[in-house]
Amino acid sequence: MDWLRLLANQGAEAGWLSESFAYGFMVNALVAALFVGPLLGGLGTLVIAKRLAFFSEAVGHAALTGIAIGVLLGEPPENPIIGLFCFCMIFALLLHFVRNRTAVPYDTLVGVFLAVALAGGAALLMYVARKINIHMLENVLFGSILTITDFDLLVLGVSCLLIIVGLMFTFNRILLASISPDIAKVRGYNTHFYDYLFVMMITLVTIAAVKIVGAVLVGALLLIPGATARLMTRSMGSFVLLSSLLATLSCLIGTLLPMELKLPIPSGASIILVAASFFLIATVYRIVARK
Amino acid sequence: MGPSISLSHVSLRYENNIVLQDISATLGSGECHVIMGPNGGGKTSLLRSILGLTPFKGEVNIHWPKGKGKIGYVPQKATFEPSLPLTVLDFILLNQSRSPLFFNFNKKHKVKALQQLARLGMEDRAMFRMGQLSGGEQQRVLFAQALLDDPDLLILDEPTNGMDDQGVRYFESLIADLVKENKTILVVHHDISAVRRLQAVVHVVNGTLLESGLAEDVLKPNKIERLFNHYRSHSNHQNEEVA
């Protein structure tokens, strides 16, 4: 990564790039945005097709508890990746497991799990607050471009590669299993496997995006670009591609804009506001076009 | 050549409601079998049991003549959200190919999908959203999906629901062609005159298997009346059992 940071620095010094590119953390954040954006946008279309918006939101919020557990178990406060990964994965898989075995409506079940995770997180954070600077929590909740390290980029790159390879082989089957599970089963597809695989992908991308977007807002980035693309596209292929493009643009612009305008806004909030403005424009366009 | 299917003491119940009770039958290969009966008589449950989509007691065996073959299935109803940009072509490609819809540049896949839609008279609707189609048009697309792999066994749950006359005639001629190719076809159908035209083996199901035989033997006016009388008594009996 050093070569890229050096290149960006030289570009900034020569005046080809904005001054922001002279900072190494900004280059890290933009690379992270390029990794995370397409995935969040692409997976978001499946979240919408499967009506799992509330679920993805819940996994994002569960990250808070995962981080608290990680710190309590002795992980470094700035990067409690094992606690975060393990808790979010167990949370998502357990929720899906219970869903398949109960008559409780799914949104109610997600609400219960979300409340338990948040309550657990709130309780644990009291203990965590004694160990770390409480302001670090703001970074976890709303994202911070200052905290992204080379190790984070490595984790992010590996996660993204795994998800992209997985999606290339399973996208159609995951979609069919959600649209018509009976047809999928008759075709010999293991619909439970594809459901669990999708849940694991959502969890992985959520964990990967927590640092840049923040636990509270990561679910929104799975949703808003997809919701925008749904208004503008006529086929599933263009839906996925436009959603990925919008999510990537939101991540890039949302990361750059506060630095350029010298605004004290967390990257997560800025990214979501950019994504929301795309949604607003698309909605107005649809209303005007209909008239 | 399509398979034959043997059912042995197939029973199914949902909590207190007995849906199927001790059904034993053999459905011959290369024939069109129509399952008829009143609403709530267990026709769809029987199809789902044969397909392994619902747990049941008893045994269902599909005897494939040359190793396990392909099954085509048209469900009774599929719900497509109107706002989801899933086109008719997307839906067929979804069933046909593993290449993800956002990365499918294979022209052969598209040509094959369009040919399949043309077979059902739906090629001009290829770029329509699934949720925009009428019920009858959706059934046609589902039928096109079922025929994709040239299946040896075709299981159709009320495939002409919502179809116009032209669609029904199209469907009937396709079924006749498939029977000529020795495919085994199993259809749930309500329309007695349409079933007579299909020249099928009819199985009347209402919780149990009431009667099996050629359409002209089973669908006689006095027998049809008996079937519906049985429906009333069956319902009353079940209500008494539950009470």
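Above this text is the structure in question.
From a predicted model like this one, the values you see are computed outputs, not experimental measurements.

Rules behind the numbers
Residues numbered from 1 in each chain as written. Chains lettered and ligands numbered in written order. Predicted model: local features only at pLDDT ≥ 70, side-chain atom pairs only at ≥ 80, totals over all residues. Heavy atoms only, no water. Helix = DSSP H or I, 4+ residues; strand = E, 2+ residues; numbered from the N terminus. Rg over C-alpha atoms; globule rule 2.2 N^0.38 Å. Buried < 20%, exposed > 50% of the residue type's maximum accessible area, 1.4 Å probe, protein only. Contact = heavy atoms within 4.5 Å. Lys, Arg positive; Asp, Glu negative; His and termini not counted. Charge placed at Lys NZ, Arg CZ, Asp CG, Glu CD. Polar contact = N/O pair within 3.5 Å; in protein donor to acceptor, adjacent residues only side chain to side chain. Salt bridge = Lys/Arg side-chain N within 4 Å of Asp/Glu carboxyl O. Pairing = 2+ DSSP bridges.

### Details of the overall build of chain A
Okay, so step 1: For chain A, the helix and strand inventory stands at 12 helices and zero strands.
Okay, so step 2: Along chain A, from the amino end to the carboxyl end, the secondary structure elements read α-α-α-α-α-α-α-α-α-α-α-α.
Okay, so step 3: What you see for chain A is a C-alpha radius of gyration of 19 Å, in line with the 19 Å of a compact globule of 291 residues.
Okay, so step 4: Of all 291 residues assigned to chain A, the portion counted as buried reaches 52%.
Okay, so step 5: Once local pairs closer than 6 in sequence are excluded, the contacts in chain A between residues at least 24 apart make up 75%.
Okay, so step 6: If the 17 positive side-chain charges of chain A are averaged to one point and the 13 negative ones to another, these points end up 16 Å apart.

### Considering the side chain of S49(B)
Residue and element names in this part refer to chain B.
Okay, so step 1: Mapping S49 onto the fold places it in helix α1 (residues 43–51).
Okay, so step 2: With relative accessibility at 2%, the residue S49 sits in the buried group.
Okay, so step 3: Side-chain polar atoms of S49 contact the backbone oxygen of S45, separated by 2.7 Å.
Okay, so step 4: Setting aside anything within four residues of it in sequence, one finds S49 in contact with L12, L20, T54, F56 and V60.

### A short note on the pattern of salt bridges
Okay, so step 1: One pass over the structure, following the stated rule, counts 12 salt bridges over all chains.
Okay, so step 2: Note that D182(A) and R48(B) form a salt bridge whose closest N and O atoms lie 2.5 Å from each other. Placement of the pair is D182(A) in helix α8 (residues 181–186) and R48(B) in helix α1, with the two residues belonging to separate chains.
Okay, so step 3: Here R187(A) makes a salt bridge to D149(B), at a shortest N to O gap of 2.7 Å. Residue R187(A) is found in the loop between α8 and α9 (191–213), and its partner D149(B) is found in the loop between α4 (135–146) and β6 (153–157); the two belong to separate chains.
Okay, so step 4: Take R187(A): its relative accessible area is 19%, and that puts it in the buried class.
Okay, so step 5: Of the residues examined, D149(B) reaches a relative accessible area of 30% and is grouped as partly exposed.
Okay, so step 6: Here the salt bridges share partners, and the residues they tie into one network are D2(A), R5(A) and D150(A).

### Considerations on unusual backbone geometry
Peptide bonds are mostly trans, and most non-glycine residues show a negative phi.
Residues and elements named next belong to chain B.
Okay, so step 1: A positive phi angle, close to 50 degrees, is found at E158, a residue other than glycine.
Okay, so step 2: With respect to the helices and strands, the residue E158 is situated in the loop between β6 and α5 (165–180).
Okay, so step 3: The exposure class assigned to E158 is buried, which follows from its relative accessible area of 9%.
Okay, so step 4: At N182, a residue that is not glycine, the phi angle is positive and equals roughly 65 degrees.
Okay, so step 5: On the secondary structure map, N182 appears in the loop between α5 and β7 (184–188).

### Focus: the pairing of strand β5 (residues 71–74) of chain B
All names here are of chain B.
Okay, so step 1: Taking every second residue as pointing to the same face, both faces of β5 are buried, with I71 and Y73 on one and G72 and V74 on the other.
Okay, so step 2: In this sheet, β6 lies alongside β5 in parallel orientation, the contact comprising four bridges. Following the sheet pairing, I71 is matched in β6 by L153.

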